[in-house]
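If you want the building blocks of each chain, they are given just below.
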Amino acid sequence: MSRVFMAAMLVASAAAEVTVEGVTFTDAEASAAVQAANTASLESLQLTYHVQDAKIAQSIIDARVRRPIRDVASLANVAGVDSVILAGFLQEVKTECPKFPTDMSGSFARVTFTNDEAVTVVGAANAASFDSFLLVANLDATVATALFTARPMCSLGDVAVAARTQSALSELKSFVDGVCMSNGDCQTCGKRDCCKRCDAGKACGDSCISESDNCEVGSGCACEAEEYDFWQTVTCRCQGVPSDNIVPFGQCIPSAVYQTVFSCSADTDCESGLFCNWGSCTPEWMRGCFHPTEPRDTIPVPASGKVSEIVPVYGLATVPNDVNLFVNVSSDVNIYSIKIVGTDPNGASATYWDGPAEQTNTTPFPSMINLGGGISRDDEVNGAWKVTASNPGGLPATGSITNFYYCLTSRWD
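Rules of the game
Residues numbered from 1 in each chain as written. Predicted model: local features only at pLDDT ≥ 70, side-chain atom pairs only at ≥ 80, totals over all residues. Heavy atoms only, no water. Helix = DSSP H or I, 4+ residues; strand = E, 2+ residues; numbered from the N terminus. Rg over C-alpha atoms; globule rule 2.2 N^0.38 Å. Buried < 20%, exposed > 50% of the residue type's maximum accessible area, 1.4 Å probe, protein only. Contact = heavy atoms within 4.5 Å. Areas by Shrake-Rupley, 256 points an atom, 1.4 Å probe, with all protein chains shown as cover. Lys, Arg positive; Asp, Glu negative; His and termini not counted. Charge placed at Lys NZ, Arg CZ, Asp CG, Glu CD. Core = buried A, V, L, I, M, F, W, Y, C linked by side-chain atoms within 4.5 Å. Disulfide = S-S within 2.5 Å. Pairing = 2+ DSSP bridges. Axes fitted to C-alpha atoms, helices over the stretch in contact; angles between N-to-C directions. Parallel < 35°, antiparallel > 145°, perpendicular 65-115°, else oblique. Left-handed = near helix turned anticlockwise from the far one by under 90°. Nonpolar A, V, L, I, M, F, W, Y, C, P; charged D, E, K, R; others polar.

Chemist: Quick question: what am I supposed to make of the overall build of the protein chain here?
Modeler: Regarding its fold elements, the protein chain presents 13 helices and 22 strands. Here the C-alpha atoms of the protein chain give a radius of gyration of 24 Å, agreeing with the 22 Å that 2.2 N^0.38 yields for 413 residues. A buried classification covers 47% of the 413 residues belonging to the protein chain. The long-range fraction of contacts in the protein chain, counting pairs at least 24 apart against all pairs at least 6 apart in sequence, stands at 68%. Roughly 18,600 Å² of accessible area belongs to the protein chain as shown, and the carbon and sulfur atoms make up 49% of that amount. Counting 25 positive and 47 negative side-chain charges, the protein chain places the centres of these two groups 3 Å from one another.

See below:
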């Protein structure tokens, strides 16, 4: 992410403002409020964002299921949302810091930051989703929750206190190099940096050796001539920013990948950094697992109606191949009474489990299904995926849908 964007997330007093129902948000606060409205669970809307009336909280969820909430004005148009509720959102997303340090460079927990790196890390710590912390920044749930609780953090010192460990700070530093909002944010993207061109002989470690010699040091930064020339033409670009704005970023990827093997029947047939994707070796970045943005992934079984949670997907190619949905249920769920449905960013749905229909077969509850049904393999893969639970069997609404997430592979359309 660019330093300009991240600084804007923090220095709210210098940002543009929008006023709705008499409540004034900075652009950063408005963006955070909209993301909360699109991702918070029913419980979180009531307890964290002060939407005390359960009917209004459910109206917000129903509205975003039909179509993601685009802005604060759209949130205000939801039935029952008034200035008091908007003020409650503002209270929780307010990002204004009393003073933004002019220079945040330095070392924290033995991790050294330039000022640009520090500004970007602080901004990411204030703005990134829980899903991003877990899957892109590789933080554990305890650290991710601590960062959420500490918001707003106005300096790298604040982030260091919340992150607590050297490894967490190192992961945050790496995280901001991997996500992006535009191509200008991608200075690095995992492309190979060849330090030596081997015109004769072969590459071995950081040097070139004779074709007849055995290489005993393994791979390094030296490259064969063909591969060296290939990487000189490769640039970094930002891929997979969802068009529905469910999250504001994608991931930095190389514009091309060097490979000599193209067809496959298993991952082991492909070179390092590639995987077998429906018979073709494709880059690892074209697959990923994605969790809900809340610090929990639980849907209580409803007595009536439907309850949905959003799972943001970003940074993939353009259309899906495999759409694997993983779901667990607590032991007290009446599995033959519930129904679980997965929905893609385009509104197409597929049934994961239909309890009443499976009851006569006494089918065991599955832990994973590659969703088919109405989910097309030719529609957009990046965006707001959903998991929806209902209770059509009408049995007592006990237990919860737990530990649900999507693992997807993608391709170019």
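Chemist: Even after reading the chapter, I still don't get the environment of Val 313, so can you show me in this structure?
Modeler: Tracing the chain through its elements places Val 313 in strand E16 (residues 306-313). C-alpha of Val 313 to C-alpha of Asn 382: the two residues are 69 residues apart in sequence and 5.0 Å apart in space.

Chemist: Just to check I follow, could you spell out the nonpolar core for this structure?
Modeler: Most often, soluble globular proteins keep nonpolar side chains buried together rather than apart. Within the largest apolar cluster, 62 residues are counted, with the highest numbers of intra-cluster contacts made by Leu 147, Val 159, Ile 340, Trp 385, Ile 401, Tyr 406 and Leu 408. Broken down by element, this core gets its largest block of residues, six residues, from helix H7 (residues 115-127).

Chemist: Would you mind showing me how to read the state of the cysteines here?
Modeler: By definition, a disulfide links two cysteine residues through a covalent bond between their sulfur atoms. Applying the stated rule across the entire model yields eight disulfides. Across a sulfur-sulfur distance of 2.0 Å, Cys 194 and Cys 223 are joined as a disulfide pair. Disulfide Cys 194-Cys 223: torsion about the S-S bond near -80°, hence left-handed. You can see Cys 194 sitting in the loop between strand E5 (179-180) and strand E6 (196-198) and its partner Cys 223 sitting in strand E9 (residues 222-224), a full 29 residues away along the chain. On the basis of relative accessible area, Cys 194 is assigned to the buried category, the value being 9%. Put simply, Cys 270 and Cys 281 are joined by a disulfide, and their sulfur atoms are 2.1 Å apart. Because the torsion about its S-S bond is -85°, the bridge between Cys 270 and Cys 281 counts as left-handed. Of the two residues, Cys 270 is situated in the loop between strand E11 (250-254) and strand E12 (274-277) and Cys 281 in strand E13 (residues 280-283); the sequence distance between them amounts to eleven residues. Judged by its relative accessible area of 5%, Cys 281 falls in the buried class.

Chemist: Looking at this model, I keep getting lost on the environment of Ala 384. Mind explaining?
Modeler: Tracing the chain through its elements places Ala 384 in strand E21 (residues 383-390). On the basis of relative accessibility, which here comes to 1%, the residue Ala 384 falls in the buried class. In the structure, Ala 384 is positioned 28 residues away from Trp 412 in sequence and 19 Å away in space, judged by C-alpha atoms.

Chemist: For this particular structure, what's the right way to read the pairing of E11?
Modeler: For a regular strand, the rule is simple: side chains alternate between the two faces of the sheet. Buried residues dominate E11, accounting for four of its five residues. Strand direction decides the pairing type here: E5 and E11, joined by two bridges, are antiparallel. The residue of E11 that forms the bridge with Val 179 is Gln 251. Bridging between strand E10 (residues 236-239) and E11 involves four bridges; their strand directions are antiparallel. Within the sheet, the bridge partner assigned to Arg 237 lies in E11 and is Ile 253.

Chemist: Can you walk me through the packing of helix H9 (residues 141-150) against helix H10 (residues 156-163) in this structure?
Modeler: The description of two packed helices rests on the angle between their axes and on the distance between the axes. Two elements in contact, H9 and H10, have axes separated by 8 Å at closest approach and are oriented at 140°. By the criterion of interaxial angle, the relationship of H9 to H10 is oblique. Read as a crossing pair, H9 and H10 show a hand that is right-handed. Between H9, through Val 143, Ala 146, Leu 147 and Ala 150, and H10, the contact on the second element is made entirely by Val 159, Ala 162 and Ala 163. Class assignment for the residues of the contact of H9 with H10 results in seven nonpolar, no polar and no charged.

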